[in-house]
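Coordinates in review
Residues per chain, in single letters:
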Amino acid sequence: MMENVEDAMEDIQKDIQEVSGDTAISSANVSCETSGVVAEATHGIEEQRAVIDEVDEQIIRLLARRFTATRQVGLLKAKAGFAALDSVREEHQLERMTVLARECGLEEEIAHAYRDFVVTESKKRHRKIAEEHST
Ligand SMILES: O=C(O)C(=O)C[C@]1(C(=O)O)C=C[C@@H](O)C=C1
């Protein structure tokens, strides 16, 4: 009887060892998987940030070019006494940018927000140029 109890205890201890060993192995696997996901995410984010930096640089260069062109338009408008706003031109721009956004898979509201920003800023500058021109 005593032997049986001892045998039973031994079996239980072996079971505990097996279970805790398995748990250690599976938690090791989980932490290995987790570090793989973290490494992949870190690498992927770095790659995309390089793309973002390149795009931002191009956008700033293009914006500088656009504002140089609109400044010339502003000067010509001021000389000729034309208004800063040309609503027909703005309507065409809106239609064109809506089509472009759709073609590129860009949300229309982003294209419209961009257009609103640049056109509003360029009109502010036109008005300032006109003021300077009249004084
Ligand atoms: O095309 C013009 O007439 C401009 O003055 C340029 C611009 C623009 O920034 O694109 C700005 C104001 C006008 O209402 C329309 C367009």
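Reading the values: the criteria
Residues numbered from 1 in each chain as written. Predicted model: local features only at pLDDT ≥ 70, side-chain atom pairs only at ≥ 80, totals over all residues. Heavy atoms only, no water. Near = heavy atom within 4 Å. Polar contact = N/O pair within 3.5 Å; in protein donor to acceptor, adjacent residues only side chain to side chain. Areas by Shrake-Rupley, 256 points an atom, 1.4 Å probe, with all protein chains shown as cover. 1 Å grid on protein atoms, 1.4 Å probe; cavity = no way out; pocket = protein on both sides within 12 Å on 5 of 7 lines; lining within 4 Å. Sits in = over half its atoms within 2 Å of the grid points. Patch = residues over 30% accessible without salt bridge, like charges linked within 9 Å, V, L, I, M, F, W, Y side chains within 5 Å. Salt bridge = Lys/Arg side-chain N within 4 Å of Asp/Glu carboxyl O. Helix = DSSP H or I, 4+ residues; strand = E, 2+ residues; numbered from the N terminus. Buried < 20%, exposed > 50% of the residue type's maximum accessible area, 1.4 Å probe, protein only.

Here we come to the site of the ligand. What surrounds the ligand is a group of 14 residues, the closest being Lys77, Glu90, Gln93, Ser122 and His126. Lysine 77 places a side-chain nitrogen or oxygen 2.8 Å from an oxygen atom of the ligand. Considered on its own, the ligand offers 360 Å² of accessible surface; in the complex 91% of this is hidden by protein. Mapping the ligand onto the cavity grids shows that it belongs to the largest pocket.

What follows concerns a nonpolar patch on the surface. Together, Val51, Val55 and Ile59 make up an exposed nonpolar region whose accessible area comes to about 220 Å². Counting through the fold element by element, isoleucine 59 comes out in helix H1 (residues 2–80). With relative accessibility at 42%, the residue isoleucine 59 sits in the partly exposed group.

Right, let's talk about the pattern of salt bridges for a bit. Enumeration according to the criterion identifies seven salt bridges in this entry. Among the ionic pairs, arginine 115 bridges to glutamate 90, the shortest N-O distance being 3.7 Å. Of the two residues, arginine 115 is situated in helix H3 (residues 108–134) and glutamate 90 in helix H2 (residues 87–104); the sequence distance between them amounts to 25 residues. Glutamate 90 gets classed as buried once you look at its relative accessible area, which sits at 14%. Arginine 115 is the salt-bridge partner of aspartate 116, the closest N and O atoms lying 3.0 Å from each other. Here the salt bridges share partners, and the residues they tie into one network are Glu90, Arg115, Asp116 and Lys123.

Everything listed here is a matter of coordinates, which is why it stays silent on function.
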